[in-house]
Structures are given as C-alpha cells and as structure tokens.
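In case you want the letters, here they are:
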Amino acid sequence: MRVEPLHSAKPSLAYAKLAATPTDTAWSQVYNAGNLFACLSLTIKHPTEGLPSLQSLGKNFFNHLEAEFFTLEAKNVTTITEAIQKSAKQIPEGVSLNFCLAYFKDAALYLFLLGKGRIIMKRGEKLGVLLEKKEDEGKKIHTASGYLQNGDTITLETHQFAKNVTDKHLASALELALPNDIAEALSVHMHENADGDQAA
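Here the structure is a predicted model, which means the values were calculated and not measured. (Residues numbered from 1 in each chain as written. Predicted model: local features only at pLDDT ≥ 70, side-chain atom pairs only at ≥ 80, totals over all residues. Heavy atoms only, no water.)

### Details of the confidence of the model for the protein
For the protein, per-residue confidence averages 89 on the pLDDT scale, and residues scoring 70 or more make up 94% of the total. Mean pLDDT values for the elements of the protein range from 54 in strand β1 (residues 2-4) up to 96 in strand β6 (residues 108-114). Overall, residues 5-9 carries pLDDT values under 50, and its contacts beyond four positions in sequence, including any with other chains, amount to three contacts. (pLDDT = per-residue confidence, 0-100. Helix = DSSP H or I, 4+ residues; strand = E, 2+ residues; numbered from the N terminus. Contact = heavy atoms within 4.5 Å.)

In structure tokens form, the structure reads like this:
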C-alpha cells in the first residue's frame, strides 16, 4: 500500500492485494477495512480427522478479529495485540497461522506480526525491513510503530511469499508508482510456485 499526498492534512491510502490459489493444505487471504490492512496464511501441519476447511477457519479468524478490533474503545499496541491473540485462539493446533497486520491512525503506523512473515517499507529510495520472523514462535506477537510520510510504501508479506519472491524482484516492483502495477509485477513471481499460503 502507498500513502498518497492530498491537499488536505489527512493522507489517503492506496493499496493492492495479492493472494495465491488455495491448495488442499495451504490457504491465504488479504483483508482491508478502512485503515486496517492484513494478510493471513493457514497451513495444515498435521492432517486431522474432522478439521474444518482452511477457508472456513480463515473466515472465522477474520470475523473474530472484526468483532474484537472494531469494538475497541482505544486502539493501541496493547489492545490490538490482545484482539489478535483472542482471534488466533480460534485456529486449531494442527494448523500453522502466519499473520501480518498494519493499522494507520492519523500519521502513525502500528504493525503486528504473528507466526512467520515480513513487513517492509520503502521511503524515498531506501527499502528496509520493519518486522520479520522466519521461525514460528507459537502465539507470540511482534510489534513495531512509527510515523508515516507521504509516499511511503508498506508491504505486508506472509512467510511463503517472502520466501518465494526475491528481494531483487520486490525492489524492482516497488519502483512502480501505483499499487496495482506493483501487485501485477509481483504476481508473476508469486505464481511461479504453487504454494497456497502466499499473500501480500
């Protein structure tokens, strides 16, 4: 997503979504509601009899997240972390959950990472990793926050997307001006692999 300057003081947010075709053992989704952006991937670690479909588990996760998040009186690192933790309890033990969330409030950006994944920012000509986790730490949530500037581009990536799409391809795509063009350039590389848990 890219923060675009406006004539008013409040910045506008333009964004694009990338999600791979689901498989029997992996599913991913990208979510947006107002100033809330997220990507989620679910992977079956141990096939279990009677396990609900990954799609229904993912939909259930986002339904719980909406219920928890949008009823918060104060939205800050602590309360949003608690909302994510409550939502993650809906995911069974045999399913691996990787989740990135970005929330914008005025000029502030709040970031959250549960499981494995990566959040990258491009500011001017510089590209940097804001949060990254390559190893699963269970239900531990990593957070970061800071202030945005006009023209900043933030990329939320599931672990498999970050693994399959090289930094070189990402940097090249982020040279493009519009989020839809960036997504189109990256989708070519994402679809080279048939991993259903890729999303950005």
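### Points about the pattern of salt bridges
According to the stated counting rule, one finds five salt bridges in the structure shown. The salt bridge involving K86 is made with E68; its shortest N-O contact spans 3.9 Å. Residue K86 is found in helix α2 (residues 77-88), and its partner E68 is found in helix α1 (residues 54-69); the two are separated by 18 residues along the sequence. On the basis of relative accessible area, K86 is assigned to the partly exposed category, the value being 42%. With a relative accessible area of 25%, E68 lands in the partly exposed category. The salt bridge partner of E157 is R118, with a shortest N-O separation of 3.0 Å. In this pair, E157 is assigned in strand β10 (residues 153-158) and R118 in strand β7 (residues 117-123), connecting sequence segments 39 residues apart. (Salt bridge = Lys/Arg side-chain N within 4 Å of Asp/Glu carboxyl O. Buried < 20%, exposed > 50% of the residue type's maximum accessible area, 1.4 Å probe, protein only.)

### Structural notes on the sheet that holds strand β9 (residues 141-147)
Reading across the sheet, the five strands line up as β3-β4-β5-β6-β9 and stay open at both edges, with antiparallel pairing between neighbours. Unpaired on one side and paired on the other, β3 (26-33) and β9 mark the two borders of the sheet. Strand-to-strand, the axes of this sheet are offset by a mean angle of 10°, without reference to chain direction. In the sheet, β6 pairs with β9 via seven bridges, with the strands oriented antiparallel. Among the inter-strand pairings, A108 is bridged to a residue of β9, identified as Y147. The sheet contacts of α1 involve β3, β4 (36-44) and β5 (95-105), and relative to β4 the element is tilted by about 145°. (Pairing = 2+ DSSP bridges. Axes fitted to C-alpha atoms, helices over the stretch in contact; angles between N-to-C directions.)

### A look at helix α5 (residues 179-190)
Along its twelve residues, α5 runs 16 Å from first to last C-alpha, staying within 8% of the 16 Å computed at 1.5 Å per residue. All of the buried residues in α5 are P179, I182, A183, L186, S187, H189 and M190. Along the axis of α5, the buried positions cluster into a sector of 155°, meaning they face one direction only. Facing away from the buried side of α5 by more than 90 degrees, the exposed set consists of N180, E184 and V188. (Expected span 1.5 Å × (residues − 1). Arc of directions from axis to C-beta.)

### Details of the environment of L186
Structurally, L186 can be placed in helix α5. Residues L186 and L97 lie 89 residues apart in sequence; the distance between their C-alpha atoms is 23 Å. Excluding anything up to four places from it in sequence, L186 contacts L18, F161, V165, H169, L170 and A173.

### Concerning unusual backbone geometry
Although it is not a glycine, D106 adopts a positive phi angle of roughly 60°. Taking relative accessible area as the criterion, D106 reaches 66% and is therefore assigned exposed.

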